[in-house]
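# Structure assessment
In case you want the letters, here they are:
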Amino acid sequence: MSTPYEAIGQDTLYAVIDRFYYYVEADTRINHLFPGDFEETARKQKQFLTQFLGGPALYTEEHGHPMLRMRHLSFRITPFERDAWVENMTRALNDFEMNSELRSFILQRLEMTAAHMVNTED
Ligand code: HEM
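This write-up is about the structure you can find in this document. Residue numbering note: each chain is counted from 1, following its sequence as written. Residues qualify for local features only when their pLDDT is at least 70, as the model is predicted, and side-chain atom pairs are given and counted only at 80 or more; totals for whole chains, interfaces and linings, by contrast, use all residues.

Counting 13 residues, the largest nonpolar core has Leu 13, Val 16, Ile 17 and Phe 20 as the members making the most contacts within it. Counting residues per element, the ones that place at least two in this core are helix H2 (10-25) and helix H6 (79-94). The leading source of residues in this core is H2, at 5 residues. With residues up to four places along the chain from it excluded, the contact list for Leu 13 reads Ile 8, Leu 49 and Thr 50. For this analysis, nonpolar core means a set of buried Ala, Val, Leu, Ile, Met, Phe, Trp, Tyr and Cys residues linked through C-beta atoms within 7 Å. Exposure is read from a count of other C-beta atoms within 10 Å of each residue's own; the residue is exposed at 12 or fewer, buried at 20 or more and partly exposed in between. C-beta atoms are placed from the backbone. The secondary structure listing takes helices from DSSP runs of H or I that are at least 4 residues long and strands from runs of E that are at least 2 residues long, numbered from the N terminus. We call two residues in contact if the C-beta atoms placed from their backbones are at most 7 Å apart.

Turning our eyes to something else, we now look at the site of the ligand. Nearness here has a simple definition: the residue's C-beta atom, placed using the backbone, must lie within 6 Å of the molecule or strand. If you check the shell around the ligand, you find 22 residues, and the closest are Leu 33, Thr 41, Phe 48, Trp 85 and Ala 114. Within the residue set of the shell around the ligand, elements represented by two or more residues are helix H3 (38-52), helix H5 (68-71), H6 and helix H7 (100-117). Considering every element that reaches the shell around the ligand, the biggest residue donor is H3, with 5 residues.

Quick look at the structure:
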């Protein structure tokens, strides 16, 4: 059985992430939260999503345990910001050819993780 990481492939995964941050950078609902160096943010996200989808543990090798919720506590994330994040990711995933079951699976897992990042009520 191949992992979701193998199924999507590194090239497509990285292209999706670059597209995602291209959308986020233009999205005034959430772009103000980011430090501004989207290339560096995308680099970390490539490492993280590689391991999240069953590939090598690139994020942990460089940064230690992800502790994602904790790393997001300094940003005010309400359901509004969560929805914006998920919407940009949905657009980015839809921009690339892939098996539709794989796309739904990845999106579902990311939606669950995004819900977990909410740290402030509306
Ligand atoms: C970092 C926002 C959800 C994974 C960040 C940063 C911001 C942010 C502002 C800092 C960027 C930086 O320091 O370069 C948000 C918002 C979310 C969200 C508004 C809405 C729900 C998620 C989700 C994931 C994720 C669902 C994973 C699936 C990461 C990772 C980093 C990060 C891996 C880099 C952490 C580090 O090592 O500094 N996020 N995020 N985020 N986010 Fe999110």
